[in-house]
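Structural overview
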Amino acid sequence: MTTDRLRVGVIGAGIGMFHAQAYAALPHVELAAIAGLDTERVVALAARHGVERTYREYEELLAQPDIDAVSVCVPNALHAPVTIAALAAGKHVLVEKPLARTPDEGRAMIAAAEAAGKILMIAFNHRQRSDVQWLKEYVDSGALGRIYYAKAYWMRRQGIPGLGSWFVNKAMAGGGPLIDLGVHVLDMAMFLLGEPEPLAVSAATYAEFGPRGLKGWGAKQSTGTSVRYEVEDLGTAFVRLAGGTTLLLEASWASHGSAGDDYGVVLYGTEGGAELTIKDYAQDQTIRLFTDVHGLPHNSMPRVPRGEDGHAAVIRRFVAAIRDGAPPIPGAADGLRRALVLDACYRSATLGREVVIE
Ligand SMILES: NC(=O)c1ccc[n+]([C@@H]2O[C@H](COP(=O)([O-])OP(=O)(O)OC[C@H]3O[C@@H](n4cnc5c(N)ncnc54)[C@H](O)[C@@H]3O)[C@@H](O)[C@H]2O)c1
């Protein structure tokens, strides 16, 4: 391990705020620069962490030779170009989810990391939750037996992010809640299941509220007038995995139902079952386990202690991968596997039939 300070830059000042905060809290790391087009937000973030260098365009930050690594926290369409440019400039990269809009973009990013000999990691922050990590260990202990069916969901009642913003523009975002929220729970489920190969997908998507200007974040954002809205507001998919396991994936930004802003994973195994239920980002009492005890159904609720913030955990791992050669987890390859499933979801929804993942 080197004692030199690692100099990092953050590109994008939305979720980039969490990246900046996590870097600023780490020893041997200097948060050296922040870039973003929204100058006011960038300057305020820089001031909060005593960062002297701020830029508008990402290219200006990447031109700084002393910066070793960057977080790429920009709209999805820019993940590939900014990441590839950063790697070419010799920086290690932590990119926000989703890896990219398409598998082809993801492959180009991974090839760029290999060519540059630099680390490329992805911010799957929800996977870092202490309950998810505990459940992974429990699953790996064999306690559930063979898991043959799983569900992963992120359902919101009212939470279309930014009606009229890049989030609802197909070219900028690549899709709606499936690629935005579904990618997180798909990641959690595939991680818990031990990364089985995805084989085929049958999916459907709907846009029932967005085009009417309804159900934006917060009641005041429901305009009730038609807006340009190009992505789904609910997606559902049935995913066939190697070994016969199947996964039901659903994601919504807007729906008439009991959900607030709820996500989780359900696992059905031959010896036991598990439900991870996170209502409105709750941290406690999120896991229920199901089995039979002496011939009778038995439920239990392990109390998993809270862990560190998800972004803080990802960024600690990113810095450890660069400085100490720790495994770069979650890596870009996981991001690419999620992109393959999501791409198949959108193709299947368009075609109206199951599609095979090549
Ligand atoms: N992991 C999570 O929990 C989580 C949460 C929210 C968003 N995200 C992801 O983070 C990314 C950004 O989302 P957001 O909500 O922060 O969006 P946002 O619109 O709030 O912020 C985007 C930022 O990118 C900057 N930007 C755009 N073009 C740029 C350019 N050419 N050069 C420099 N900066 C540029 C903008 O100025 C802005 O600061 C998305 O990929 C999104 O999926 C992840």
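So, here is what we can say about the structure in this document. Everything quoted here is computed from the prediction, not taken from an experiment. (Residues numbered from 1 in each chain as written. Predicted model: local features only at pLDDT ≥ 70, side-chain atom pairs only at ≥ 80, totals over all residues. Heavy atoms only, no water.)

1. Notes on the side chain of Glu232
In plain terms, the rule: Where helices and strands are cited, they refer to DSSP runs of H or I of at least four residues and of E of at least two residues respectively, numbered from the N terminus. Only protein chains enter the calculation, and the probe is 1.4 Å; a residue is then buried if its accessible area is under 20% of its type maximum, exposed if over 50%, and partly exposed in between. Just so you know, the count uses Lys and Arg for positive and Asp and Glu for negative, and it drops His and the chain ends. Think of a salt bridge as a Lys or Arg side-chain nitrogen and an Asp or Glu carboxyl oxygen that are within 4 Å of each other. A 3.5 Å cut-off defines polar contacts: any pair of N or O atoms within that distance qualifies, except that in protein one atom must be a possible hydrogen donor and the other a possible acceptor, and neighbouring residues in sequence count only when both atoms are side-chain atoms. Note on definitions: a residue-residue contact is assigned when non-hydrogen atoms from the two residues lie within 4.5 Å.
Inspection of the secondary structure assignment puts Glu232 in the loop between strand S8 (198-206) and strand S9 (234-241). Buried Glu232, no salt bridge; nearest opposite-charge side chain is Lys170, N-O distance 5.8 Å. One polar contact links the side chain of Glu232 to the main-chain amide nitrogen of Leu178, over a distance of 2.9 Å. Within the local environment of Glu232, its side chain forms a polar contact with the side chain of Tyr346, the two groups lying 2.7 Å apart. Setting aside anything within four residues of it in sequence, one finds Glu232 in contact with Gly175, Gly176, Pro177, Leu178, Ile179, Thr205, Tyr206, Ala207, Trp253 and Tyr346.

2. Regarding the site of the ligand
Where we set the bar: If even one non-hydrogen atom of a residue comes within 4 Å of a molecule or strand, that residue is called near it. All accessible-area figures derive from a Shrake-Rupley calculation using a 1.4 Å probe, and residue coverage is judged against the displayed protein chains alone. Using a 1 Å grid laid over the protein atoms alone, points where a 1.4 Å probe fits but cannot get out form a cavity; open sets with protein on both sides within 12 Å along at least 5 of 7 lines form a pocket; any residue with an atom within 4 Å of a point counts as lining. Just a note on the criterion: a molecule sits in a pocket or cavity if more than half of its atoms are within 2 Å of the grid points.
Around the ligand, 27 residues are found, and the nearest of them are Ile15, Leu37, Asn76, His79 and Asn125. Between an oxygen atom of the ligand and a main-chain N or O atom of Val74, the distance comes to 3.2 Å. The separation between an oxygen atom of the ligand and a polar side-chain atom of Asn76 is 2.6 Å. For the ligand, the accessible surface in isolation is 840 Å², of which the surrounding protein chains cover 85%. Judged by the proximity of its atoms to the pocket grid, the ligand belongs to the largest pocket.

3. Topic: the sheet that holds strand S6 (residues 120-123)
Put simply, the test is: Only strands that DSSP links by at least two bridges are regarded as paired with each other. Here an axis means a line fitted to C-alpha atoms, over the contact stretch when the element is a helix, while the angle between two N-to-C directions is reported on a 0 to 180 degree scale.
Spatially, the six strands line up as an open sheet ordered S3-S2-S1-S4-S5-S6, and their pairing is parallel. Edge strands, defined here as strands with exactly one partner in the open sheet, are strand S3 (53-55) and S6. For this sheet the average axis-to-axis angle between neighbouring strands, irrespective of direction, equals 25°. Contacts from helix H2 (residues 39-48) reach strand S2 (29-35) and S3 within the one sheet, and its direction differs from that of S2 by about 165°.

4. Some words on the nonpolar core
Counted only if it meets this: We define a nonpolar core as any set of buried Ala, Val, Leu, Ile, Met, Phe, Trp, Tyr and Cys residues linked to one another through side-chain atoms lying within 4.5 Å. A domain assignment, automatic or from a database, supplies the domain bounds used here.
Among the nonpolar cores identified, the biggest contains 82 residues, and Ile11, Leu61, Val70, Leu135, Val201 and Leu267 are the most heavily contacted of them. With 11 residues, helix H8 (residues 177-192) is the largest single contributor of residues to this core. Residue assignment places this core across two domains, with domain 1 (6-126 + 311-328) and domain 2 (127-308 + 340-356) each supplying three or more. Residue contacts for Leu267: discarding those within four places in its chain leaves Leu135, Val139, Leu144, Ile147, Tyr149, Ala150, Leu192, Leu193, Gly272, Gly273 and Ala274. Ala13, Leu31, Met121 and Val314 belong to the second-largest nonpolar core, a separate cluster that totals 27 residues.

5. Describing the environment of Pro161
Secondary-structure assignment places Pro161 in the loop between strand S7 (147-156) and helix H7 (170-173). For Pro161, a relative accessible area of 9% translates into the label buried. For the pair Pro161 and Val185, spaced 24 residues apart in sequence, the C-alpha separation works out to 18 Å. Excluding residues within four positions of it along the chain, Pro161 makes contact with Arg156, Phe167, Val168, Asp180, Trp217 and Trp253.

6. Comments concerning the packing of helix H6 (residues 130-140) against H8
A packed helix pair is summarised by two numbers, namely the angle formed by the two axes and the spacing between the axes. Filter applied, for reference: Should an angle fall under 35 degrees it is called roughly parallel, over 145 degrees roughly antiparallel, and 65 to 115 degrees roughly perpendicular, with every other angle called oblique. Basically, the charged four are Asp, Glu, Lys and Arg, the nonpolar ten are Ala, Val, Leu, Ile, Met, Phe, Trp, Tyr, Cys and Pro, and anything else, Gly included, counts as polar.
Running from amino to carboxyl end, H6 crosses H8 at an angle of 30°, the nearest separation of the two axes being 9 Å. Relative to H8, H6 is oriented roughly parallel. Of the residues in H8, those in contact with Val132, Gln133, Leu135, Lys136 and Val139 of H6 are Met188, Phe191 and Leu192. Classifying every residue of the contact of H6 with H8 by side-chain character gives six nonpolar, one polar and one charged.

7. Topic: the sheet that holds S9
The nine strands are arranged S14-S13-S12-S11-S7-S10-S9-S8-S15 in an open sheet whose pairing can be described as mixed. Edge positions in the open sheet fall to strand S14 (296-300) and strand S15 (355-356), since each of these has one partner strand only. One ladder, built from nine bridges, connects S7 with strand S11 (residues 261-269); its direction is antiparallel. When the bridges of S11 are listed, Met155 appears paired with Asp262. Where H8 meets the sheet, it contacts S7, S8, S9, strand S10 (246-252), S11 and strand S12 (273-279), and its direction lies at approximately 150° from that of S10. Across the sheet, helix H10 (residues 332-351) touches S8, S9 and S15, and the angle it forms with S8 is around 55°.

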